[in-house]
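Read off the chains here:
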Amino acid sequence: QVQLVESGGGLVQPGGSLRLSCAASGSIFRIYAMGWYRQAPGKQRELVASITSASSTNYADSVKGRFTISRDNAKNTVYLQMNSLKAEDTAVYYCNAVIMVHTTWDNYWGQGTQVTVSS
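Residues numbered from 1 in each chain as written. Predicted model: local features only at pLDDT ≥ 70, side-chain atom pairs only at ≥ 80, totals over all residues. Heavy atoms only, no water.

Enquirer: Which parts of the structure should I look at to understand the overall build of the protein chain?
Expert: Assigned secondary structure in the protein chain consists of zero helices and 11 strands. Against the globule reference of 14 Å for 119 residues, the protein chain gives a C-alpha radius of gyration of 14 Å, in line with a compact fold. Counting the 119 residues in the protein chain, one finds 43% classified as buried. When contacts within the protein chain are restricted to residue pairs at least 6 apart in sequence, long-range pairs at least 24 apart make up 55% of them. Entry remark: accessible area of the protein chain is about 6400 Å², with carbon and sulfur atoms responsible for 47%. In the protein chain, which carries 10 positive and 7 negative side-chain charges, the distance between the mean positions of the two groups comes to 3 Å. (Helix = DSSP H or I, 4+ residues; strand = E, 2+ residues; numbered from the N terminus. Rg over C-alpha atoms; globule rule 2.2 N^0.38 Å. Buried < 20%, exposed > 50% of the residue type's maximum accessible area, 1.4 Å probe, protein only. Contact = heavy atoms within 4.5 Å. Areas by Shrake-Rupley, 256 points an atom, 1.4 Å probe, with all protein chains shown as cover. Lys, Arg positive; Asp, Glu negative; His and termini not counted. Charge placed at Lys NZ, Arg CZ, Asp CG, Glu CD.)

Quick look at the structure:
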């Protein structure tokens, strides 16, 4: 069994910063990619940023230059530093990871953490 536990969401004013964390635990043999997705009300879930085990990163155009994804492989943890937040960043943010359990790769999701950007 694998769990992804997120933390760090909340309410912030426009222009402010937040840092999200997501820790993976359980019967993990290896983690390939970890990332963050978000879903705003009435919209589809979208990729925000991802990072591979080799630290190769990918960002949505809407967050480039404002968000930074990083990873601590020893702790099976991924972080998302969000700066210069805008109202349109308001969404539920979900952690995602591609994890090998025993000999099988699978896709895992966290429970989501709310980020609200408002004055």
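Enquirer: Explanation requested: the pattern of salt bridges in the structure shown.
Expert: All told, the structure shown has four salt bridges when counted by the stated rule. With a closest N to O distance of 3.0 Å, Arg 38 and Asp 89 form a salt bridge. With Arg 38 in strand E4 (residues 30-39) and Asp 89 in the loop between strand E8 (77-82) and strand E9 (91-101), this pair connects stretches of sequence that are 51 residues apart. Between Asp 89 and Arg 66 there is a salt bridge, with the nearest N and O atoms lying 2.8 Å from each other. One end of the pair, Asp 89, is in the loop between E8 and E9; the other, Arg 66, is in the loop between strand E6 (57-59) and strand E7 (67-72), with 23 residues separating them in the sequence. Exposure remark for Asp 89: the relative accessible area of 1% places this residue in the buried category. Residue classification places Arg 66 among the buried residues on the basis of a relative accessible area of 11%. Overlapping salt bridges, with partners in common, bring together Arg 38, Glu 46, Arg 66 and Asp 89 in one network. (Salt bridge = Lys/Arg side-chain N within 4 Å of Asp/Glu carboxyl O.)

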